[in-house]
Amino acid sequence: MKKNFAILVFAMMAMVASMSVVSCDKATSVSKGTTQGIYTVDRNFLRPENVDTFYTLKKAEIESFGLKDGDRAIVTLGYEIDNVVGAKNALWYIKSVDEILPVFSLTPAAEVDKAVYSSAIAGIGSMPLYGPYWMWRGYQNIYVGYYGNGEQGDFKMSPVGMSGDTICFELNSLIAAGDVPTKQLLTFDLRTVASMLSEEDATKLAALDSVCTKVTTNVEMISNGTTVIKSMALSGGKYKRTF
């Protein structure tokens, strides 16, 4: 029997956790440690999510882990800091690439077969370090949980119009039946959104410096032992428009 979403959240919490294990070698006065997060590959740089900074690595090292320019991944970085020189000249290196994260394109609403993409998620959970819902550099992120056969579901997100300073989307899902709790970070590239809006809404969007987003999707709930599917709107904060 499927559990409620509060229980599913516990199963989702192991996705990403920041880890910093620091040791100090007294002989050489070097501090060492690791940190984990979401990074985007930009040539020989790794750019962390939600932070305007970057880490410089050797291009050959990045490529040796199967990463290429533009990839977005959960990466564990190691570092060595000379305690005399300070963190400014720290040596950064990749310890592991834990998961390469796909970025999905938007789909025009008219191209979504809702009779097929009719599944429901269990809800959204809080991804460690990032939360349940955020936008960064034109990417909309949603950390969803659902029950299926253990494989990741197929999701399509479509813009349906503007409401004030809010871009409204529909998220439709195709999830194989099952009772296995699954978590998935959905990332959608919003840079094509204007082309899928009406001319009037595209003009409204172009005039805004900052925007909000609202995503409506089907959510499966259990009430008094009965499974019901309801439409739920997921809303985040306001973000600078970069698309």
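Residues numbered from 1 in each chain as written. Predicted model: local features only at pLDDT ≥ 70, side-chain atom pairs only at ≥ 80, totals over all residues. Heavy atoms only, no water.

J.: Could you clarify how one ought to interpret the overall build of the protein in this entry?
T.: Looking only at helices and strands, the protein features three helices and 16 strands. Put simply, the protein has 243 residues, and 43% of those count as buried. Taking as baseline every contact in the protein between residues at least 6 positions apart, the subset at least 24 positions apart corresponds to 67%. Summed over its atoms, the accessible surface of the protein is roughly 12,600 Å², and 53% of this surface lies on carbon and sulfur atoms. (Helix = DSSP H or I, 4+ residues; strand = E, 2+ residues; numbered from the N terminus. Buried < 20%, exposed > 50% of the residue type's maximum accessible area, 1.4 Å probe, protein only. Contact = heavy atoms within 4.5 Å. Areas by Shrake-Rupley, 256 points an atom, 1.4 Å probe, with all protein chains shown as cover.)

J.: In this structure, what is going on with the environment of aspartate 209? I would like to understand it.
T.: Note on placement: aspartate 209 falls in the loop between helix H3 (199-206) and strand E14 (210-223). Residues aspartate 209 and tyrosine 239, 30 residues apart in the sequence, show an inter-C-alpha distance of 8.7 Å. Excluding anything up to four places from it in sequence, aspartate 209 contacts Tyr239, Lys240 and Arg241.

J.: Could you clarify how one ought to interpret the pattern of salt bridges in this entry?
T.: Where charged atoms of side chains with opposite charge meet at close range, the side chains can pair. In this structure the tally under the stated criterion is 10 salt bridges. Between aspartate 52 and arginine 137 there is a salt bridge, and its shortest N-O distance comes to 2.9 Å. Of this pair, aspartate 52 sits in the loop between strand E3 (45-48) and strand E4 (55-56) while arginine 137 sits in the loop between strand E9 (133-136) and strand E10 (139-148), and the two are 85 residues apart along the sequence. Here arginine 191 and aspartate 189 are joined by a salt bridge, their closest N and O atoms 2.6 Å apart. The exposed category is assigned to arginine 191, whose relative accessible area is 56%. Under the relative-accessibility criterion, aspartate 189 is labelled buried at 15%. (Salt bridge = Lys/Arg side-chain N within 4 Å of Asp/Glu carboxyl O.)

J.: Would you mind showing me how to read the side chain of glutamine 184 here?
T.: The topology assignment puts glutamine 184 in strand E13 (residues 180-189). Engagement of the side chain of glutamine 184 in a polar contact is seen with the side chain of tyrosine 146, the distance being 2.6 Å. Polar side-chain contacts of glutamine 184 include one of 3.4 Å to the backbone nitrogen of glycine 153. With residues near it in sequence (within four places) discarded, glutamine 184 still touches Phe104, Ile142, Tyr143, Val144, Tyr146, Gln152, Gly153 and Phe155. (Polar contact = N/O pair within 3.5 Å; in protein donor to acceptor, adjacent residues only side chain to side chain.)

J.: Explain the packing of aromatic side chains here, please?
T.: What describes a pair of aromatic rings is the distance from one ring centre to the other and the angle between the planes of the rings. For the structure on display, the rule yields seven aromatic pairs. Ring centres of tyrosine 39 and tyrosine 55 lie 6.0 Å apart, and the angle between their planes is 75°; this geometry places the pair in the edge-to-face category. Of the two residues, tyrosine 39 sits in strand E2 (residues 30-42) while tyrosine 55 sits in strand E4, which places them 16 residues apart along the sequence. Note on tyrosine 130 and tryptophan 134: the rings are 5.3 Å apart at their centroids and 20° apart in plane angle, and the pair reads as stacked. By the burial criterion, tyrosine 130 is buried, and tryptophan 134 matches it. (Phe/Tyr/Trp six-rings, centres within 6.5 Å; stacked < 30°, edge-to-face > 60°.)

J.: Mind showing me how you'd approach the nonpolar core here?
T.: In terms of nonpolar packing, the biggest core is built from 26 residues, with Phe155, Met157, Ile167, Phe169, Val193, Leu205 and Phe243 touching the most fellow members. Contributions of two or more residues to this core are made by E9, E10, strand E11 (154-163), strand E12 (166-174), E13 and E14. Once residues within four sequence positions are removed from consideration, isoleucine 167 is found in contact with Gly161, Met162, Val193, Leu205, Val211, Cys212, Thr213, Lys214 and Phe243. Of all hydrophobic cores here, the second largest spans 15 residues; its members include Ile62, Leu67, Leu77 and Trp92. (Core = buried A, V, L, I, M, F, W, Y, C linked by side-chain atoms within 4.5 Å.)

J.: Looking at this model, I keep getting lost on the pairing of strand E5 (residues 72-82). Mind explaining?
T.: The side chains of a regular strand alternate between both faces of the sheet. The element E5 is extensively covered by neighbouring structure, given that nine of its 11 residues are classed as buried. By the bridge criterion, 11 bridges tie E2 to E5 in an arrangement that is antiparallel. What sits directly across from threonine 40, in E5, is arginine 72. (Pairing = 2+ DSSP bridges.)

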